[in-house]
Amino acid sequence: LRLIAYQREFCCGADWGWNLFDATIVAVASVEEIMKLLSTRKLDSNMASLRLVRILKITRVIRVVRIIRMLREVRIMFVSIMATVRMLCWSIVCVVLIMSPVAAYIATAASEYVAMEGEDPEVAEYFGSMFR
């Protein structure tokens with residue numbers, strides 16, 4: 001329909017790349033539907049080509065990029081979320097780097113206390129499985 005509506009601008013307009021991409025997606029979907037109809041009549045047909053068409057159909061997800069490009073606010077939110085995730089990962093790394101030596105120190109101190117003082121019910125309650 002867009003080809004009929006835009007005529008010459010479909011191939012030569014500002015969004016010619018996106019129009020070509022959309023036309024490719026529609027063609028792949030049409031081929032898939034035709035192959036489905038043919039495969040219901042012939043059960044022994046080659047299904048590998050149908051799988052390939054389905055994989056090509058997944059490229060429809062790329063169309064989301066076009067929408068994000070148009071909506072500035074959505075793009076800003078997406079970039080902000082990605083920057084936040086990056087910062088969250090580094091925060092987790094920092095917390096692990098701080099907790100590891102503290103945990104090693106506490107484990108060493110508890111085991112030395114048990115070795116020097118003997119079994120203590122309070123230590124066994126909190127660190128009971130550590131000494132096994």
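Residues numbered from 1 in each chain as written. Predicted model: local features only at pLDDT ≥ 70, side-chain atom pairs only at ≥ 80, totals over all residues. Heavy atoms only, no water.

Caption draft 1: Quick look at the overall build of the protein chain. Check the secondary structure of the protein chain and you find 7 helices and 0 strands. N-terminal to C-terminal, the α/β element order of the protein chain is α-α-α-α-α-α-α. For the protein chain, the residues scored as buried account for 13% of the 132 residues in total. Put simply, 41% of the contacts in the protein chain that link residues at least 6 apart link residues at least 24 apart. (Helix = DSSP H or I, 4+ residues; strand = E, 2+ residues; numbered from the N terminus. Buried < 20%, exposed > 50% of the residue type's maximum accessible area, 1.4 Å probe, protein only. Contact = heavy atoms within 4.5 Å.)

Caption draft 2: The arrangement of the environment of S111 in detail. Mapped onto the elements of the fold, S111 is located in helix α6 (residues 72-117). A residue is classified by how much of its surface remains accessible, and S111, at 32% relative accessible area, is partly exposed. Between the C-alpha atoms of S111 and M130, which are 19 residues apart in sequence, the distance is 8.3 Å.

Caption draft 3: Fine view of α6. Here α6 contains 46 residues, and its C-alpha end-to-end distance of 66 Å stays within 8% of the 68 Å for a straight helix at 1.5 Å per residue. Once α6 finishes, G118 follows within two positions and takes phi at roughly 90 degrees, a positive value. (Expected span 1.5 Å × (residues − 1).)

Caption draft 4: Representation of the confidence of the model for the protein chain. Confidence in the prediction for the protein chain averages 76 pLDDT; 70% of positions are at 70 or higher. When pLDDT is averaged over each helix and strand of the protein chain, the minimum, 64, is found for helix α4 (residues 48-57) and the maximum, 89, for α6. (pLDDT = per-residue confidence, 0-100.)

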